[in-house]
Amino acid sequence: MTDTILIGGGVVGLSLAWELALRNIRVTLLDKSAIGRAASWAGAGLIPPPHRAPNLTDPTCLLRARSAELYPEWSARLLEATGIDNGFRVSGGIDVALEPAEEPALASMTGRWRKQGIRYEVVDDLRAAELEPALTRRFARCYFLPERAQIRNPWHLRALEAACLALGVDLRPNCQVHEFLISGDRVTGVSTASGSIHASQVVVTAGAWSEKLFETLNIAVPTRPIKGQMLLLDPGRVVLRRIVEHGKCYLVPRDEGLVLAGATEEWTGFDETLTGDAREMLWNEAISLVPSLADSKVIGHWCGFRPGSKDSRPYLGPVPGLEGLFVATGHQRAGLSLSPGTAESMADLLTGKPPRVALDGYAIDRPLAQRRDETVRS
Ligand SMILES: Cc1cc2nc3c(=O)[nH]c(=O)nc-3n(C[C@H](O)[C@H](O)[C@H](O)COP(=O)(O)OP(=O)(O)OC[C@H]3O[C@@H](n4cnc5c(N)ncnc54)[C@H](O)[C@@H]3O)c2cc1C
């Protein structure tokens with residue numbers, strides 16, 4: 001017997017499953033393929049810095065701030081519960097504009113950082129050399145964000161999976177949900193290839209595939225896939241210690257010296273082709289930011305499908321008109337970073353408490369949010 005079914009075992013489903021299990025809710029989590037191998041595995045694991053401003057109001061900002069606050073605590077609790085290090089590191093980040101034409105867009109970020117209480121420092125050539133000796137000196141503008149962080153998302157997913165299993169969550173990989181079971185105006189469970197499963201609450205956490213599930217109910221929840229390709233570089237030594245961001249591209253150094261170079265943003269449906277153009281663009285970007293990476297080997301190239309949204313915000317909350325049905329998806333470029341806050345507030349909602357972050361601004365039938373509050377560029 002289960003209380004709550006979650007459809008989709010990415011970072012959003014697993015985080016919510018863990019949070020619910022900690023509150024003694026019996027959870028069954030179903031995934032059409034392996035657990036934790038879709039967008040959440042493919043991502044870079046950039047975590048934005050904490051927001052220290054007291055009066056935040058923008059919904060995305062609130063969720064981001066709460067998630068940034070929760071990450072250190074979650075990481076420590078996951079380590080204690082499972083023995084698995086999720087790779088949470090406050091490595092700090094450097095944001096650069098390489099060309100003068102890129103300066104205004106980057107400089108405008110400082111207004112947002114100030115308003116949101118995010119620590120940053122303006123960096124000149126000398127300071128750049130001190131912070132990150134391998135960074136190109138040919139930049140037009142540069143900032144240092146000392147509290148920007150990262151996780152190793154494959155490790156984080158493994159830790160969440162182990163923590164869920166330890167609390168008795170029923171994890172079922174290779175169990176695709178085809179339809180919802182409905183009685184009157186209530187959802188009472190789901191139908192899968194291996195039979196029906198009943199529960200009083202069903203939550204759609206199916207990432208970019210969520211839209212297809214909602215189509216079976218004639219409910220519009222656009223989650224158009226946003227394909228992201230990424231390279232993994234092995235420079236053979238540690239050349240970089242901090243995350244470097246340039247527009248929508250970034251380099252993420254891992255402890256042992258490997259460097260992730262991401263990421264493309266493509267609107268080509270669920271096409272998994274890895275393209276030469278993307279490889280070339282990401283490689284050129286990497287060596288323009290850190291020239292010594294030219295000696296690296298490319299040891300990985302993959303893609304994932306970020307779940308789109310009708311605007312810049314995820315969909316979180318109840319599905320109007322159908323008792324017992326909920327959604328948590330559409331996190332676009334920020335599902336890893338927003339997952340702890342998402343899980344906490346969704347678990348509040350599902351257990352009848354006022355959500356820690358109010359979810360009204362995330363309703364599926366909300367008016368379109370202005371796109372000004374881009375989440376993280378990842
Ligand atoms: C290249 C790239 C880089 C990124 N970098 C970052 C980053 O640095 N920081 C950040 O915060 N975010 C990043 N993201 C975004 C982040 O990865 C996503 O927002 C997040 O992973 C979405 O998580 P999810 O659990 O909603 O979806 P997913 O991880 O895609 O999980 C959805 C799951 O649902 C399952 N499913 C689908 N349909 C069904 C069904 N009918 N029945 C059962 N199961 C089903 C799928 O098999 C899948 O396992 C990046 C994404 C990409 C692609």
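Caption draft 1: A look at the domain arrangement of the protein. Taken domain by domain, the protein holds domain 1 (4–86 + 153–223 + 310–362) and domain 2 (93–146 + 225–307). Distance from the C-alpha centre of domain 1 to the C-alpha centre of domain 2: 28 Å. Taken together, the contacts link 25 residues of domain 1 with 25 residues of domain 2. For the pair domain 1 and domain 2, the summed buried surface comes to about 2000 Å²; carbon and sulfur atoms form 62% of the total. Three residues, A44, L46 and R333, lead the burial of domain 1 against domain 2; their summed loss comes to 30% of the area buried on that side. Here R333 ties to E265 by a salt bridge, and the two come within 2.2 Å at their closest N and O atoms. On inspection of domain 1 and its partner domain 2, the count reaches nine residue pairs in polar contact (both at pLDDT 80 or more). Of all the secondary structure elements, the ones that give two or more residues to the side of domain 1 that touches domain 2 are α2 (39–42) and α3 (59–82). Of the residues belonging to the side of domain 1 that touches domain 2, the class tally is 12 nonpolar, nine polar and four charged.

Caption draft 2: Representation of the side chain of D95. With respect to the helices and strands, D95 occurs in strand β4 (residues 93–97). Looking at D95, its side chain comes within polar contact range of the side chain of R148, at 2.5 Å.

Caption draft 3: Region of interest: the site of the ligand. Around the ligand, the structure places 41 residues, and the nearest of them are D31, S40, L46, Q332 and S337. Take S33: an N or O atom from its side chain is 3.4 Å from an oxygen atom of the ligand. A distance of 3.0 Å separates a nitrogen atom of the ligand from a polar atom in the backbone of R333. For the ligand, whose accessible area on its own is 1000 Å², the fraction buried by protein is 99%. Elements with a contribution of two residues or more to the shell around the ligand: α1 (11–22), α2, β13 (225–234), β17 (297–307) and α9 (335–350). Its residues assigned to classes, the shell around the ligand comprises 20 nonpolar, 17 polar and four charged. Taken together, domain 1 (4–86 + 153–223 + 310–362) and domain 2 (93–146 + 225–307) each give at least three residues to the shell around the ligand, which thus spans both.

Caption draft 4: Local environment of the sheet that holds strand β9 (residues 177–183). Within the open sheet, the three strands sit side by side as β9-β10-β11. Their pairing is antiparallel. Each end of this open sheet is capped by a strand with a single partner; those strands are β9 and β11 (195–198). Geometrically, the sheet is characterised by an average inter-axis angle of 30° between neighbouring strands, direction not taken into account.

Caption draft 5: Up close: the environment of C164. Tracing the backbone through its elements, the reader meets C164 in helix α6 (residues 153–166). Residue class for C164 comes out buried when judged on its relative accessible area of 0%. Measuring from C-alpha to C-alpha, the distance between C164 and L22 comes to 8.9 Å, with 142 residues separating the pair along the chain. Residues contacting C164, with those up to four places away along its chain left out, are L14, A17, W18, V169 and L171.

Caption draft 6: Spotlight on the sheet that holds strand β2 (residues 27–30). Reading across from one edge, β8-β2-β1-β12-β19-β18 is the order of the six strands in this open sheet, with mixed pairing throughout. Of all strands in the sheet, those bounded by a partner on one side alone are β8 (170–172) and β18 (315–318). Across this sheet, the average inter-strand angle for adjacent strands is 15°, counted without regard to direction. Pairing of strand β1 (residues 4–7) with β2 involves four bridges; the strand directions are parallel. Within the sheet, the bridge partner assigned to T4 lies in β2 and is V27. Contacts from α1 reach β1, β2, β8, β12 (201–204) and β19 (325–329), with the element oriented near 170° to β2. α9 contacts β12, β18 and β19 of the sheet and is inclined by roughly 175° relative to β19.

Caption draft 7: Structural context of the nonpolar core. If you look at the biggest cluster of nonpolar residues, it comprises 42 residues, and the most contacted ones within it are L6, L14, L16 and M346. Listed by contribution, the elements that provide at least two residues to this core are α1, β2, α3, α6, β19 and α9. Sort the elements by how many residues they give to this core and α1 lands first, with eight residues. Setting aside residues no more than four positions away along its own chain, M346 makes contact with L16, V203, L316, G317, F326, V327, A328 and L359.

Caption draft 8: Seen up close, the pairing of β9. Where β9 meets strand β10 (residues 186–192), six bridges bridge the pair, whose relative direction is antiparallel. Residue pairing for β10: F180 is matched across the bridge by V190. The antiparallel pairing of β9 with β10 creates a hairpin that spans two residues between the two strands, and G184 there sits at a positive phi of about 60°.

Caption draft 9: Main features of the packing of α1 against α9. For the pair α1 and α9, the least separation of the axes is 8 Å and the interaxial angle reads 40°. Taken together, α1 and α9 sit at an angle that is classed as oblique. Seen from above, α1 lies across α9 with right-handed handedness. Residues V11, V12, S15, L16, E19 and L20 of α1 pack against G335, L336, S339, T342, A343, E344, M346, A347 and L350 of α9.

What counts as what
Residues numbered from 1 in each chain as written. Predicted model: local features only at pLDDT ≥ 70, side-chain atom pairs only at ≥ 80, totals over all residues. Heavy atoms only, no water. Domains from an automatic or database assignment. Contact = heavy atoms within 4.5 Å. Buried area = accessible area lost by both parts, 1.4 Å probe. Salt bridge = Lys/Arg side-chain N within 4 Å of Asp/Glu carboxyl O. Polar contact = N/O pair within 3.5 Å; in protein donor to acceptor, adjacent residues only side chain to side chain. Helix = DSSP H or I, 4+ residues; strand = E, 2+ residues; numbered from the N terminus. Nonpolar A, V, L, I, M, F, W, Y, C, P; charged D, E, K, R; others polar. Near = heavy atom within 4 Å. Areas by Shrake-Rupley, 256 points an atom, 1.4 Å probe, with all protein chains shown as cover. Pairing = 2+ DSSP bridges. Axes fitted to C-alpha atoms, helices over the stretch in contact; angles between N-to-C directions. Buried < 20%, exposed > 50% of the residue type's maximum accessible area, 1.4 Å probe, protein only. Core = buried A, V, L, I, M, F, W, Y, C linked by side-chain atoms within 4.5 Å. Parallel < 35°, antiparallel > 145°, perpendicular 65-115°, else oblique. Left-handed = near helix turned anticlockwise from the far one by under 90°.

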